[in-house]
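# What the coordinates show
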Amino acid sequence: MLILGSLTRGPRHGYGIAQHLKKISKDVLDVGESSLYPALQRLLLNGWVTAEWGASENNRRARYYQLTASGRKQLVAENREFDRMILAIQKVMSCA
Amino acid sequence: MRLIRRLLYFFRQRRKAGELAEEMEFHRHLLEQESGDQHAANRRMGSAMLAREDARAVWLPLWFDSVFQDLRVGLRMLRRSPGFSILAVLCLTLGIGANAAVFSWIEGILFRPYPLVTHQEQLLALTGTARGESDPTGVSWPDLLDLQKNSTLIDSFIVSKIMGTTLSIGDRAEVTTGSIVSANYFDAIGVHPILGRAFEPGEDTGRNAHPVTVISYQLWQRRFKGDPQIIGKTQRLNGVLHTIVGVAPEGFYGTFVGWAMQFWVPVSMEETFEADGYKLEDRDARWIESFVRLKPGVTLDQAQQEMAAVAQRLENDFPATDRGRGIKLWPLWQTPFNNARTLLPTLEIMLVVVVFVLLIACANVGNLLLVRSFARRHEMTVRLAIGAGRSRLLQQLLTEGLILAAVGAVGGLLVAHWCRHALVLLFPARGGVTMHLPGEIDWRVLALSAAVCLLSTLLLGLVPAMQSGKLDVAGALKAESAGVVGGRGTAWFRSGLVVMQVSLSFVLLVGAGLLLQSLQRIRTTSPGFSTRGVLRTSVNLVSAGYDAPRAQTFQDAMLERVQALPGVESAAFAQMTPLSYGSFSSSPIAVDGYQPPPEEQPTVQYNEVGPNYFATMGIPLVSGREFTRADDEKAALVAIVNETMASQYWRGRNPIGQRVQVKGRWMQVIGVAKDSKYQSVRETPKPFFYVPLRQNFSRSPVLFIRTPLSPETMASALSREVHTLDANLALYEVISLQEQLDRSTSPQLVAVTLVGVLGSLALLLCAIGLYGVMSYAVSQSSRELGLRMALGASASDLLRQVMSRGLTLTGGGVLLGVAVALGLTRLLGHLLYKVSPRDPLVFGSAFVVMSIAAVAACFLPAWRATRTDPARILRD
């Protein structure tokens, strides 16, 4: 979900996604590269993102990931699910 | 969708993997730039290899990889040892192919015996029954109409009675088979003519009122050259001009297993084609063979009950004709009035035989695999030592077995496909028309074959897999011990396989031997008349339009001319040939002084014969005299009975001079003939009598000629005589009675041939298996043999030692085989004629054959053992 979320504003490459997550969450979310790439492959398999080779900032070849229409739908769905979870956990914790 | 992406990934694996590597390198590079520390960056990336593997696992699950790898390795292994692979695949192809072929034949006969007929599962055969008689009878037309009126569960009643006519092809007459059918026939079976029309409902009624016919596709092509204007043209059938109103579709052969129908006529034309006159209004004339189509959802039992009730009502309403008569419904594959019923026992035997062959083939391949495992023991132990799990090894071995089984199955299905029409061999071509017998490979056959394939895979794959459980790693790596893979355990298993093979082969040999002896007995059983030196032929005067007086004149003239021919000792006419397909006339009889038990109507078959019949046929007369020319239509009615009839109806008294009533007419018995075979060689003695042809005239009888000349010589002479009398007539084939006898036993001959061929195949496979085991055993104990030789054992000692091992195995197999055979051959019971299922001669011969094969198979490896060089062996 997080990866999908980080692609809403436009395509990024793998490093870019990891940096973005790290920066926005102020170092809380530190995605290990060994779990990032398998996750990206899973997104590709499900058709929620597409990947294209392009030029990076320093003109090296990099692979850019982009959200697809179904990816956006998936993101919305996962978001909703996540909110529900949070609400439920909050309720439990406040009663405990 | 995901599956498609996975497939795409699979085909571009390498490129994708490269891309991922490049991508991750880029990431690492950026990390390095950011932190300035190469090692930190490397640490953060973690194990690139693991990440790559995980990424790959997203697309292709792990088991996929291992299976794929197994397949590749397996194929490579098989390619490396082509001799083994070819032999193994050959064994499996034969085994699975034979099974699939027999499955398809059985399935065809069982479920869809009639090509192009729809919904055969709803069809049943309908016959009559008579109290006191074990065989089913036909049904009469008035009875059938009443059944139709009173039935609610049956959708349609279909009449389909086989008959024949003569059509001349060139200057030869050929029997052309056709059917008398009810008007609803084509509609009820769901077959629609491709040209013209089927019959209309009104065409059922009226005496000879509707001379129309539907012809078969084959006839249309062969005789009428596919004439597109065929509808409306006429064809003379049995003397009556019929209009062709329709052409049946290609591939439709009627509804009679074993015969290809060439034309169909409606029931109203019955008198033209059947003997004994117009029967449609005679409730006692039981000539109809019929089928019924059940309404959907109705079962055989329900319909049978309904029919029984209606039959009961008929019995009450018409006691004169229907006393003691019932109706019976049969499943299609048990139809009593066609050849399927005779086929099925043969096919069942075939099934058992091919299963045996399959088991033997699998045992062979299993043995081959074991030998190969022995050769690969180093490879296996090394793999274990490196760290392969046992289950992984097992998986690979099973995959190899699966590859073999799969290739064998594909080959087998091809073989079955080619053989699927081979069932036709059981039915020789009649009238130039070959049958098309269904043997389609459909889902049932495929499913069964797949099951067989799976079973054999498990058997084969497990065989070497079981070995791998007993690997001694350290010993193998030392490369010293000879029997590192398995050793004791597998020796027992292999011996067990061989014993099983030998026993199965033995059973097959016994079966083939029994069938062969049965056939021999059938063929040498005297039918009670001469088979050598007597020929038979006939001319169809009915289809040439002769009426009775003209036919009589012709017959007299013909007989005179034939008797005058050189080489002819005597000649006589008769209505029916013994041992042919058609049935004899039969009649209820009454005898002075014989009181039949109540509810029983004695009915006896008879033949209408001319003067000199018994002398010509070589049937001795026990007492009394033959018919002469004086016994004609103006003289007193006479009859000759056979011994069984005499003893049954005139117990102890001399029947000569007594009276017997046949079809309402009283006849005087003037002679008693010795019993002979009438319908089939295998029948038990039954009552039978003869009446003079002159007093019971038939327009187209059969001519029997006693002559030492060959059929071909006589044929030309006879043709000439016939032509002189009437240039338009053609002669039927001239054959000897021996040929007639042979034809009547051809199904048995085919059965014996098939079982014999498969039995020999099984024996060969068995011998190969035995040879393989002996070679293996010799190679295994080569050190021991070398040692013995070095210590002074002679060649003959070694020979004896090795051979004795092999012969012990064979002996065990034979013992087991004898036990199994004693139990199983009981099942052959009804196919065997005058042969006991435990015939010692057959068992003895099978034993001898088996022993010879075993000795031959063991000899070569034993001989090779004596040629071993002890020094070389001990050095290794």
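Predicted model, so just to flag it, every value in this text is computed and none were measured.

## Brief notes about the overall build of chain A
The number of helices and strands found in chain A is four helices and three strands. When the helices and strands of chain A are placed in sequence order, the string is α-β-α-α-β-β-α. When the 96 residues of chain A are sorted by exposure, 38% land in the buried category. Within chain A, contacts between residues at least 6 apart in sequence are counted, and of these 42% link residues at least 24 apart. Only carbon and sulfur atoms are counted for the fraction: they give 57% of the accessible area of chain A, which is about 5900 Å².

## Topic: the interface of chain A and chain B
Facing 27 residues of chain A, the contacting portion of chain B comprises 22 residues. Between chain A and chain B the total buried area reaches about 2400 Å² when both faces are included, carbon and sulfur atoms providing 55% of it. Where chain A touches chain B, the interface holds three salt bridges. A salt bridge links Glu-22 of chain B to Arg-61 of chain A; its shortest N-O distance comes to 3.1 Å. Counting across the interface, chain A meets chain B through nine residue pairs in polar contact (both at pLDDT 80 or more). The element that contributes the greatest number of residues to the side of chain A that touches chain B is helix α3 (residues 33-46) of chain A, accounting for 10 residues. Among the residues making up the side of chain A that touches chain B, the classes are represented as 11 nonpolar, nine polar and seven charged.

## Details of the pairing of strand β11 (residues 534-538) of chain B
Where a strand is regular, its side chains alternate between the two sheet faces. All names here are of chain B. A large share of β11 lies buried, amounting to five of its five residues. Relative to strand β20 (residues 702-706), β11 runs antiparallel, the two sharing five bridges. Within β20, the residue paired with Ser-538 across the bridge is Val-702. Sheet topology note: the β11/strand β21 (residues 735-736) ladder contains two bridges and is antiparallel. Directly across from Leu-535, in β21, lies its bridge partner Ser-736.

## Some details on unusual backbone geometry
Residue and element names in this part refer to chain B. Of note, Asn-208 is a non-glycine position whose phi angle comes to about 55 degrees, a positive value. Tracing the chain through its elements places Asn-208 in the loop between β4 (195-196) and β5 (212-215). At Asn-612, a residue that is not glycine, the phi angle is positive and equals roughly 70 degrees. Topologically, Asn-612 is positioned in the loop between β14 (603-609) and α20 (613-617). Note on Asn-612: relative accessible area 34%, which makes it partly exposed.

Thresholds, definitions, all that
Residues numbered from 1 in each chain as written. Chains lettered and ligands numbered in written order. Predicted model: local features only at pLDDT ≥ 70, side-chain atom pairs only at ≥ 80, totals over all residues. Heavy atoms only, no water. Helix = DSSP H or I, 4+ residues; strand = E, 2+ residues; numbered from the N terminus. Buried < 20%, exposed > 50% of the residue type's maximum accessible area, 1.4 Å probe, protein only. Contact = heavy atoms within 4.5 Å. Areas by Shrake-Rupley, 256 points an atom, 1.4 Å probe, with all protein chains shown as cover. Buried area = accessible area lost by both parts, 1.4 Å probe. Salt bridge = Lys/Arg side-chain N within 4 Å of Asp/Glu carboxyl O. Polar contact = N/O pair within 3.5 Å; in protein donor to acceptor, adjacent residues only side chain to side chain. Nonpolar A, V, L, I, M, F, W, Y, C, P; charged D, E, K, R; others polar. Pairing = 2+ DSSP bridges.

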